[in-house]
Amino acid sequence: MKIDEKAVQYVAGLANLELTSDEQSRMVRDLNSILAYVDRLSELNTDGVEPMAQVSARYGVDETCEGSERFDYASRTDEPRGLRESLSHEAALANAPQSDGSYFLVPKVIEK
Amino acid sequence: MATLATPPALTRADFEPVIGLEVHVQLLTATKIFCSCANQFGSAPNSNVCPVCLGMPGSLPVLNRKAVEFAALAAMALNCRVNETSIFARKNYFYPDLPKGYQISQYDKPLAEHGWIDVACSPNNATGGDANGTKRIGITRLHMEEDAGKSLHDGFADSASKTAIDLNRTGTPLVEIVSEPDLRSGDEAYEYLTRLREIILYTGVSDGNMEEGSLRCDANVSVRPRGQEKLGTKAEIKNVNSFRFVREAIAYEIERQIELILGGGTVVQETRLYNSAEGRTYSMRSKEQAHDYRYFPEPDLLPLVVDTKWQAEIRSRLPELPEARRARMVAEYGITEQDAGVLTASRTLADQFESAAKAAKNPKRVANLVQGELMGRLKAAGLEIEQSPVSMAGVAMSADLVEEGKISGKQLKELYDICFAGVAQSENGARGEDFAAVYEREKPQQLSDSVAIEKIVDEVITASPKQVEQYRAGKTTMMAYFVGQVMKATKGQANPAMVNEVVGRKLG
């Protein structure tokens, strides 16, 4: 797969990014070099190998367990503050570029 | 030379509407789907948030097991097949109410598939109704995903230039239920949604509250010439906030598309919004940009495995569903299908009715009273059964009093009238009184004094020689006449069982 200027513009558009023409050319170069690197994987013959999206999918399962217990290791119980407290309201908004004290404020958007 | 026949012009009736619905249902878990923040409507803005649902770098989602069980329970109630392995995927799009830049959803391997709901329609209708007046609507899939936050575009001082964002809703567990394009009218869509919501409510996995957004519906509407297999271009009508409006929006959209085509135009694929005040849909006029969500498997979550045993655990929690319950109640209490429909409108109501009926001496009498005395008064007062002044416990109590002969049928009617009197007098506010309170206050006296009854019976017999003659000549139906005369003389207060006994004895 070869990335051209058009593909970079398309992806930038989806992410609401505005790139200068210098940035665009750099992205074309960088993305192509990353893809070329990953393409080396295609040299391997993977016929008959099941696609695997998560490396850990094959690990951690206690094969002796059945039912809901079997998935315990990869899930949590439905308890408030079970894993972590929610942030305080102030902490949640602390990094917001703009807020009115209650809400995050962002440049006007229209529903799409 | 052969001439080519021009095909006859299409008319309105030549078009067939095709509708598919996507319904989002919020699950009633205590916490969010991927973090321990409270899943709660109506909290102060941005108070139930943490690094996970705020999409902060480095935070990782951990799946809520209860959300899985609720989703699977809903799937089973909708006759879906639950897949042993399903995969979470990232749906990438850029919008401020979704701070991560993607929604965790499911894509090519959803939690469940191949379900259906039977909806009521007229028997053997043109759109696939069977002889019993039901039509089966397929459910393509049910998948899990997280809800996004809320954007508020209006109502703030700087709303002209800013949008306010509340991320409390971000991460609320959802199931999305996608129907097959089996629906052919707004009415069918309305039926489907009503049944779907009822089933979901019975399972208890959601409160189905449309005002609070716990249940939301998008409709895909297209039309095609009858007989054509290929689907027409669809318009998506988004976020209509009541079933009635869904029905209206679909009806409008069908007409709009047919008109457009008959006028030589073509339907464009777009998202439209329904304006309920004007009764029409509008194009959202967003930039013409095809959505490209670039789905890929969520690397931060393992494939979800709900094995056979776990599925069995979940299935064991499946309650009796409305359809089955209606059928059983018709058989068990001898009530009409229509009344069974009213009594099973919610699981709570059906439970209340059944526990009242079972606690009463004669369950069928409870059913009869609901049917004969309660429903009509509710209808006259314009009340839903949930707003009834007479509770199910009250109905059961009144049934027992009649059963024990402590009050007559006439007295019961009078007491019910008193219960409802307060309702009739006030437009709003007054809710009437429950039966127990009214009975305790009024305590209608029933004449159960056998000497007094015998005296009245004697008087009636003396005053009706002709009727006595007829009775003795074999016309036993005259019995009712005598009982009626005695009841009249006692203003309905005589114990009917005793009157029957005494009249029978004296005449016999």
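From a predicted model like this one, the values you see are computed outputs, not experimental measurements. (Residues numbered from 1 in each chain as written. Chains lettered and ligands numbered in written order. Predicted model: local features only at pLDDT ≥ 70, side-chain atom pairs only at ≥ 80, totals over all residues. Heavy atoms only, no water.)

1. With respect to a nonpolar patch on the surface
Right, on to step 1. Nonpolar side chains collect at one region of the surface, where A:L31, A:I34, A:Y37, A:V38, A:L41 and A:L44 lie side by side and expose about 630 Å² of accessible area between them.
Right, on to step 2. Mapped onto the secondary structure, A:L41 falls in the loop between helix 2 (21–39) and strand 1 (75–76). (Patch = residues over 30% accessible without salt bridge, like charges linked within 9 Å, V, L, I, M, F, W, Y side chains within 5 Å. Areas by Shrake-Rupley, 256 points an atom, 1.4 Å probe, with all protein chains shown as cover. Salt bridge = Lys/Arg side-chain N within 4 Å of Asp/Glu carboxyl O. Helix = DSSP H or I, 4+ residues; strand = E, 2+ residues; numbered from the N terminus.)

2. Section: the interface of chain A and chain B
Right, on to step 1. In this complex, chain A contributes 46 residues to the contact, which on the side of chain B involves 59 residues.
Right, on to step 2. A combined buried area of about 4,700 Å² lies between chain A and chain B, and 58% of that area is made up of carbon and sulfur atoms.
Right, on to step 3. The tally of links between chain A and chain B comes to one salt bridge.
Right, on to step 4. Note that A:D72 is salt-bridged to B:R65, the shortest N-O span being 3.1 Å.
Right, on to step 5. Taken together, chain A and chain B are joined by 24 residue pairs in polar contact (both at pLDDT 80 or more).
Right, on to step 6. Taken together, the elements giving at least two residues each to the side of chain A that touches chain B come down to helix 1 (5–14), strand 1, helix 3 (89–94) and strand 2 (104–107) of chain A.
Right, on to step 7. When residues of the side of chain A that touches chain B are assigned to their parent elements, the largest contribution, four residues, is made by strand 2 of chain A. (Contact = heavy atoms within 4.5 Å. Buried area = accessible area lost by both parts, 1.4 Å probe. Polar contact = N/O pair within 3.5 Å; in protein donor to acceptor, adjacent residues only side chain to side chain.)

3. Quick look at the environment of B:L415
All names here are of chain B.
Right, on to step 1. Assignment of secondary structure puts L415 in helix 10 (residues 409–425).
Right, on to step 2. Here L415 falls in the buried class, since its relative accessible area comes to 3%.
Right, on to step 3. Each C-alpha atom of the pair L415 and A436 lies 9.8 Å from the other, and the pair is 21 residues apart in sequence. (Buried < 20%, exposed > 50% of the residue type's maximum accessible area, 1.4 Å probe, protein only.)

4. Concerning the side chain of B:S159
Right, on to step 1. Its place among the elements puts B:S159 in the loop between strand 9 (150–152) and strand 10 (162–166).
Right, on to step 2. Polar contacts involving the side chain of B:S159 include one to the main-chain amide nitrogen of B:F156, which spans 2.8 Å.
Right, on to step 3. Ignoring any residue separated from it by four or fewer positions in sequence, one finds B:S159 in contact with A:K108, B:H153 and B:D154.

5. Details of the domain arrangement of chain B
All names here are of chain B.
Right, on to step 1. The domain architecture assigned to chain B consists of domain 1 (17–308), domain 2 (322–442) and domain 3 (450–507).
Right, on to step 2. The gap between the C-alpha centroids of domain 2 and domain 3 is 32 Å.
Right, on to step 3. Contacts between domain 2 and domain 3 engage four residues on the former and six residues on the latter.
Right, on to step 4. For the pair domain 2 and domain 3, the summed buried surface comes to about 320 Å²; carbon and sulfur atoms form 45% of the total.
Right, on to step 5. Counting across the interface, domain 2 meets domain 3 through zero salt bridges.
Right, on to step 6. If you look at where domain 2 meets domain 3, you find zero residue pairs in polar contact (both at pLDDT 80 or more).
Right, on to step 7. Among the residues forming the side of domain 2 that touches domain 3, the class breakdown is no nonpolar, three polar and one charged. (Domains from an automatic or database assignment. Nonpolar A, V, L, I, M, F, W, Y, C, P; charged D, E, K, R; others polar.)

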